[in-house]
Amino acid sequence: MTQTLSTPTPARLPRPKIMRRAWLVTGLLVVFMLVNNADKTVIAFGGVQIQKDLGLSPQEFGVIQSGFFWLFAAGALIFGALSSRVSSRWLLGGLMLTWVATMVPLLGTVGFGALLTCRVILGFAEGPAFALANHAVHSWFPAEKRALAGGVVSAGASIGTLIAAPVITWIIVTWTWHAAFYALIALGLAWTVAWFVLGKGAPDETAQAAPVEALQTIDAPYRTILKTGTVIGIGLLLFCSYWSTALKVAWLPVYLTDGLHYSTITTGRLVMLPYGLAAVGAIAAGWASNRMLARGISRRIARGYLSTALVAAAGVCMAAFTALHGGALQIILISLAFSLNTAAYGVALSAVADVVQSRKRGMILSGLGAVASVAGMVAPLLLGFCVGDAAHGATGYGTGFVISGVLMVVGSAIALLLINPERDITLIRRRVEETA
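Notes on the structure in this doc start here. Everything numeric in this text was worked out from a predicted model, so none of it was measured.

Rules used throughout
All residue numbers refer to positions counted from 1 along the written sequence of the respective chain. Whole-chain, interface and lining totals are the exception, using all residues; otherwise, since this is a predicted model, local features are given only for residues with pLDDT of at least 70 and side-chain atom pairs are given and counted only at 80 or more. Hydrogens are left out, water is left out, and the side-chain values use all remaining heavy atoms of the structure. Elements are defined by DSSP. Helices are runs of H or I of four residues or more, strands are runs of E of two residues or more, and each kind is numbered from the N terminus. C-alpha atoms define the radius of gyration, and 2.2 Å times the number of residues to the power 0.38 defines the globule rule. Exposed residues in this analysis have more than 50% of their type's maximum accessible area, buried residues have under 20%, and partly exposed residues fall in between, with area computed by a 1.4 Å probe over protein chains only. We call two residues in contact whenever any of their non-hydrogen atoms come within 4.5 Å of each other. To measure how exposed things are, a 1.4 Å probe is used in the Shrake-Rupley method; for residues, cover is taken only from the protein chains shown. Residues scored as charged are limited to Lys and Arg (positive) and Asp and Glu (negative), so that His and the chain ends carry no count. For this purpose, a charge sits on NZ of Lys, CZ of Arg, CG of Asp or CD of Glu. Here is the rule: rings of Phe, Tyr and Trp (six-membered ring for Trp) pair when centre to centre is within 6.5 Å. Planes less than 30 degrees apart are stacked, more than 60 are edge-to-face, and the remainder are tilted. Here, a charge over a ring means that NZ of Lys or CZ of Arg falls within 6 Å of the ring centre while also lying within 35 degrees of the ring normal.

### With respect to the overall build of the chain
Secondary structure assignment for the chain yields 20 helices and 0 strands. Taking 2.2 N^0.38 as the reference for a compact globule, 436 residues should give roughly 22 Å; the C-alpha atoms of the chain span a radius of gyration of 21 Å, in line with that estimate. Counting only C-alpha atoms and orienting by the principal axes, one finds that the chain spans roughly 60 × 45 × 35 Å. Within the chain, the fraction of its 436 residues that count as buried is 57%. Across the chain, every contact between residues at least 6 apart in sequence was considered, and the portion connecting residues at least 24 apart equals 87%. For the chain, the computed accessible surface area is about 16200 Å², with 68% contributed by carbon and sulfur atoms. Charge separation in the chain, taken as the distance between the mean sites of 29 positive and 16 negative side-chain charges, equals 8 Å.

### Description of the packing of aromatic side chains
By convention here, two paired aromatic rings are described through the distance between centres and the angle between planes. Going through the model one piece at a time under the given rule, you end up with 20 aromatic pairs. Pairing W191 with W195 gives two aromatic rings, centres 5.2 Å apart and planes at 15°, and the pair type is stacked. Of the two residues, W191 and W195 are both situated in helix α9 (residues 177-198); the distance of 4 residues between them amounts to about one turn of the helix. Here W191 and W195 have matching classes, each one buried. Connected via pairs of aromatic rings, a cluster forms that spans F61, W251, Y255, F321, F338, Y397 and F401. The cationic tip of R89 hangs over the ring face of W90; the distance from NZ or CZ to the ring centre is 5.7 Å. Taking the ring centre of Y275 as reference, the NZ or CZ of K248 above it sits at 4.3 Å.

Dropping the structure here:
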C-alpha cells in the first residue's frame with residue numbers, strides 16, 4: 001500500500017508569503033473562536049436575570065445550559081464528515097451564519113421553550129467549531145509548529161470571554177440581556193464578510209518544511225485509527241477537560257453571584273481571570289510543546305505528559321477551592337481550575353495531528369469533539385441538581401465541584417498511560433501493511 005506522508009521534505013522550504021497568509025488565517029480563526037465562546041457564555045452572564053424574567057428554577061436553568069450540548073455531538077460528526085469534501089471557507093462561514101440566525105429570536109420576548117430551542121440549534125452549529133478551526137490551522141503549519149498555532153486558536157475562545165465578560169455584563173446591566181444579542185449578531189456578520197473575503201484554502205502540505213524529524217502518517221482506515229491509544233487517550237482527556245469548560249460557561253458566573261454572593265459587576269470582572277489565564281496558558285503550552293520537540297524530546301512527553309498534567313492540575317484546583325470560604329486564594333484556585341484545562345487543548349489536538357493523516361484529520365478531530373461534548377451535556381445538569389437538591393446552595397456547589405475535580409484527575413491519569421504518538425504511528429503502519 002502506498003504510504004501518504006503528512007509532512008514535507010526539508011528541501012522544499014515554506015515561502016514567507018505562505019507563512020504570512022497562515023498567520024492571517026490564524027488571526028481570523030482566533031476571532032471565530034472569540035465569537036464562538038461569547039455566544040456560549042452570554043446566557044450564563046445573564047443567568048440570574050434570565051431565571052428571574054422567565055421564572056426558572058436552578059434545575060430548569062441547568063436544562064437550558066445542558067440543552068446547548070444535546071446536538072453538539074451530532075453537529076461535530078456531520079460537519080466533520082463534510083470537512084473532507086467541502087472547503088473550510090464555506091463550512092466555517094456557514095456555521096457563523098447559523099449562529100447568527102439562532103440569536104435573532106432572542107432579540108425580543110421569549111419563553112422557556114423558545115430559549116431552549118435556540119440553544120439546542122446553536123449547540124448543533126457550534127459542535128464542530130473548535131475541531132474544524134484546529135483542522136484548518138493545522139493544514140497551514142508543519143508538524144513542529146502546530147502546537148503553537150493551535151494554542152493561539154484555543155486562546156481565541158478564552159479571549160472571547162475575556163472581552164465579552166465586561167462588555168456583555170455592562171450591556172445587560174445597562175439595558176437587558178436581550179440587548180447583548182444585538183452586539184453578538186453584528187460581530188458575527190462582520191466576521192463572515194471578512195472570512196469570505198480573506199479566508200482561502202490551505203496550501204498543499206508539500207509546500208511546507210519540516211525542520212525537525214517528523215512522523216510519517218499513513219492514510220489508514222478509521223477503524224485502525226480509532227483503536228490507537230493516542231486517539232483514545234486524547235478523547236478521554238478532552239472529555240475531562242471539557243467538563244471544566246462546560247461548568248465555566250454554564251455555571252461559573254452564576255456560582256460567583258449566587259454561591260459566593262459577588263455583585264453582577266464584580267462577577268463580570270472576576271470571570272475575566274480564568275479566561276485571561278487560559279489565553280496565556282494556551283499559547284505558553286503550545287510554545288513549550290514546540291520547544292520540547294525542537295530539543296529532541298519525545299512527542300509522548302511534549303504532547304501527552306504536558307496536556308494530561310495541565311488537566312489533572314485543573315482538577316486538583318477545582319476540588320481544593322470548595323474547601324475555602326472566600327478571599328484571594330479561593331479566587332486564584334477558581335481561576336486555575338477553569339484555565340489550566342483550556343491550556344491543554346492545542347497541545348492535545350496536535351498529538352492527534354501527529355498520528356492522523358491530513359485527509360481524515362477533520363473527521364477524527366470532530367469525532368473527538370463529539371466525545372468531549374458528552375461532558376457538556378452531563379456537567380451542567382449534575383451541578384444544577386446538586387445545587388437544587390441541597391439544603392443550602394453553597395453545599396450543593398461544593399459537592400458538584402468536588403465530584404468534577406476527582407473525575408478530571410482520574411481521567412487524566414488514565415489518558416497519560418494511553419497517549420504515545422511515536423508508538424501508535426508505528427502500530428498503524430504495521431496494521432496497514434498486514435492488511436495489505
